[in-house]
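Coordinates in review
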Amino acid sequence: MQLIKKIIIKIYKLGFLKAFKFFFQRINDNFCLNYLTNNLVKKSFDINSPLILITQIQRSGGTLLSQLFDGHDEIYAYPNELTIWEPKWELKNLDNNFDSFNNDYIKFFALNAEYKKESKSKWNKSYKFFFNLNSQEKIFFNLTEKKSNQREILNAYFSSFFSSWLNYKNNIGKKSFVTAFIPRVNFNRESINYFFSNYNDGKIITITRDPLNWLASAIKHDPKNYGNVAEALSLWKKSTHASLKLIKEDKAIGVNFDNLIKNTKKTMDFLCDRLKIQKKEILYIPTFNNEPILSDSSFKSVEGKIDQNTLERTINLKKEEIRKQLDESSALVNECNKLYSDYCDITKLK
């Protein structure tokens with residue numbers, strides 16, 4: 001009765017002809033959506049490739065490395081930070097419950113049919129992102145209906161994601177890896193153990209950036225969380241210590257941010273050798289869905305190339321308040337510089 005009442009009110013308000021067009025459009029839209037969804041579900045594919053996890057403190061090049069991997073035909077490159085845990089860097093058992101996944105960014109991109117990285121420099125363009133949220137959910141539940149193993153749930157998530165990305169250009173052939181960036185997992189030994197318990201064939205890549213260069217970018221990007229110099233550098237130190245330990249234990253591949261910027265080809269070729277994938281020209285250009293993409297800079301973004309200006313951010317630490325804090329934290333600055341020197345030695349490109 002309630003539905004009939006609503007229909008009568010709608011007809012009264014719009015008039016018969018407009019009401020007919022309104023209901024016809026709604027039915028047509030729903031029919032098209034259901035047809036498309038069911039078609040995607042039928043054509044969905046299973047992804048069981050191992051995961052390459054990129055992890056370190058934010059503002060250290062994780063997004064850039066994800067963009068460099070994007071176009072490689074042996075890789076499914078997840079286009080945004082992977083946010084299926086809460087907080088995202090505390091990896092733990094996932095329930096077989098799609099609603100629990102913290103994928104608000106993907107929902108936003110899908111509903112707006114565009115990918116646009118959140119950036120303080122404010123991108124002046126976006127990139128087409130046609131994605132079916134309904135099919136993603138259905139595919140996920142179909143794949144996990146009789147499964148509870150954590151690796152199978154993670155496989156189902158990536159399968160549902162890439163099967164539902166309508167304009168994804170890299171869906172041909174079997175892939176060697178999935179890549180994803182999650183900051184700060186390297187801090188947490190329990191998360192590292194969770195990763196390897198599910199991906200004994202997986203890889204971790206960790207990046208470290210010059211401490212003061214990193215600090216300038218971090219303060220510009222998020223002054224609330226990084227405006228206290230001592231606290232921020234202590235976080236950088238914690239991340240670098242953790243990354244060094246993982247590298248020495250042969251649990252992570254170490255990358256120097258400066259090398260990633262200045263020696264992009266040599267760095268990516270080195271990673272190809274370690275990962276046993278083919279060296280490709282596409283690896284030297286940051287892309288989204290095989291298209292040149294704007295950089296995720298705290299300052300001015302550039303498109304389709306490596307921004308060399310990222311190596312000269314320390315000039316932005318000249319503000320009186322920051323200089324005062326740096327002077328007060330001089331011992332910590334020296335410790336960080338020494339730690340960075342050790343990291344450079346261990347990640348030197350041959």
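Residues numbered from 1 in each chain as written. Predicted model: local features only at pLDDT ≥ 70, side-chain atom pairs only at ≥ 80, totals over all residues. Heavy atoms only, no water.

What to know about the overall build of the chain
What counts, and what does not: Numbering of helices and strands runs from the N terminus; a helix is a DSSP stretch of H or I covering at least four residues, while a strand is a stretch of E covering at least two. Relative accessibility thresholds used throughout: buried, under 20% of the residue-type maximum; exposed, over 50%; partly exposed, between the two (1.4 Å probe, protein chains only). Any two residues having at least one pair of non-hydrogen atoms within 4.5 Å are treated as being in contact. The protein chains shown are the only cover counted for residues, whose accessible areas, like all others here, come from Shrake-Rupley with a 1.4 Å probe.
Secondary structure summary: the chain contains 14 helices and nine strands in total. For the chain, with 350 residues in total, the buried portion stands at 50%. Taking as baseline every contact in the chain between residues at least 6 positions apart, the subset at least 24 positions apart corresponds to 77%. As presented, the chain carries roughly 18,200 Å² of accessible surface, and 51% of it is formed by carbon and sulfur atoms.

What to know about the nonpolar core
Put simply, the rule reads: Among buried residues, the Ala, Val, Leu, Ile, Met, Phe, Trp, Tyr and Cys ones that are joined through side-chain atoms within 4.5 Å form a nonpolar core.
One finds Leu82, Trp85, Phe129, Tyr157, Phe158, Phe161 and Leu215 to be the most contacted residues of the largest nonpolar core, which totals 69 residues. Those residues in contact with Leu215 that sit more than four places away from it in its chain are Tyr226, Val229, Ala232, Leu233, Leu317 and Leu326. Counting 24 residues, the second largest nonpolar core, distinct from the first, contains Leu64, Ala77, Ile207 and Met268.

Some words on helix H10 (residues 229-248)
Filter applied, for reference: To estimate the expected span of a helix, count its residues, drop one, and scale the result by 1.5 Å.
Helix length check: H10 (20 residues) gives 28 Å between terminal C-alpha atoms against 28 Å at 1.5 Å per residue, within 8%. Asp250 sits one or two positions beyond H10 and adopts a positive phi of about 60°.

Section: the packing of helix H5 (residues 133-144) against helix H6 (residues 150-163)
A pair of packed helices is characterised by two quantities: the angle between their axes and the separation of those axes. What counts is decided by this rule: A fitted line through C-alpha atoms represents every axis, and for helices the fit uses only the stretch in contact; the resulting angles, taken between N-to-C directions, go from 0 to 180 degrees. Oblique is the label for any angle not under 35 degrees, not over 145, and not in the 65 to 115 range, which are roughly parallel, roughly antiparallel and roughly perpendicular in turn. Working rule for handedness: look at the near helix, and if it is turned counterclockwise from the far one by less than a right angle, call the crossing left-handed; if clockwise, right-handed. Each residue is assigned to one of three groups, with Ala, Val, Leu, Ile, Met, Phe, Trp, Tyr, Cys and Pro labelled nonpolar, Asp, Glu, Lys and Arg labelled charged, and all others, Gly among them, labelled polar.
Contact pair H5 / H6: the axes reach a minimum separation of 8 Å and the direction vectors enclose 150°. Classified by the angle between their axes, H5 and H6 sit roughly antiparallel to one another. Seen along the crossing, H5 lies across H6 with a hand that is right-handed. Judged by residue contacts, Gln136, Ile139, Phe140, Leu143 and Thr144 of H5 engage Ile153, Ala156, Tyr157, Ser159, Ser160, Phe161 and Ser163 from H6. Per-class residue counts for the contact of H5 with H6 are seven nonpolar, five polar and no charged.

Focus: unusual backbone geometry
The omega torsion across Glu86 and Pro87 is -5°, close enough to zero to call that bond cis. Mapped onto the elements of the fold, Pro87 is located in the loop between strand E2 (75-81) and helix H4 (104-112). Its identity as a non-glycine residue notwithstanding, Ala113 has a phi of 55°, on the positive side. For Ala113, the position within the fold is in the loop between H4 and strand E3 (114-115). By relative accessible area, which is 28% here, Ala113 ends up partly exposed. With a phi close to 70°, Asn290 is a non-glycine residue in the positive phi region.

Comments concerning the sheet that holds strand E1 (residues 51-54)
Defined as follows: By this definition, two strands are paired if DSSP reports at least two bridges between them.
Within the open sheet, the five strands sit side by side as E2-E5-E1-E6-E7. Their pairing is parallel. In this open sheet, the two strands that pair with only one neighbour each are E2 and strand E7 (253-256). Each strand of the sheet is rotated relative to its neighbour by a mean of 20°, with strand direction disregarded. Along the sheet, helix H7 (residues 189-198) contacts E1 and strand E6 (203-208); its crossing angle with E6, the most-contacted strand, is approximately 145°.

Looking at the layout of surface pockets
A water-sized probe rolled over the atoms picks out the places where empty space is left. As a reminder of what qualifies: For cavity detection a 1 Å grid was placed over the protein atoms alone, and a set of points counts as a cavity when a 1.4 Å probe fits there but cannot get out; an open set counts as a pocket when protein lies on both sides within 12 Å along at least five of seven lines, with lining residues being those that have an atom within 4 Å of a point. Grid points are joined across faces, edges and corners, and a volume is the space filled by probe spheres set on the points.
As a volume, the second largest pocket reaches approximately 240 Å³. Lining the second largest pocket are 16 residues, with Gly254, Phe270, Ile346, Thr347 and Lys348 positioned closest to its centre. Its residues assigned to classes, the lining of the second largest pocket shows seven nonpolar, five polar and four charged.

Brief notes about the packing of aromatic side chains
Selection criterion: Each aromatic pair joins two rings of Phe, Tyr and Trp (for Trp, the six-membered one) with centres within 6.5 Å, and gets the label stacked for planes under 30 degrees apart, edge-to-face for over 60, and tilted for any other angle. Our definition puts a charge over a ring when NZ of Lys or CZ of Arg is within 6 Å of the ring centre and also within 35 degrees of the ring normal.
Taken as a whole and judged by the stated rule, the model has 30 aromatic pairs. Ring geometry for Tyr78 against Phe158: centres 6.3 Å apart, planes inclined by 80°, an arrangement best described as edge-to-face. Placement of Tyr78 in strand E2 and of Phe158 in helix H6 is noted, with a sequence separation of 80 residues between them. Judged by relative accessible area, which is 2%, Phe158 ranks as buried. Between Lys175 and the ring centre of Tyr76, over which it is positioned, the NZ or CZ distance is 5.4 Å.

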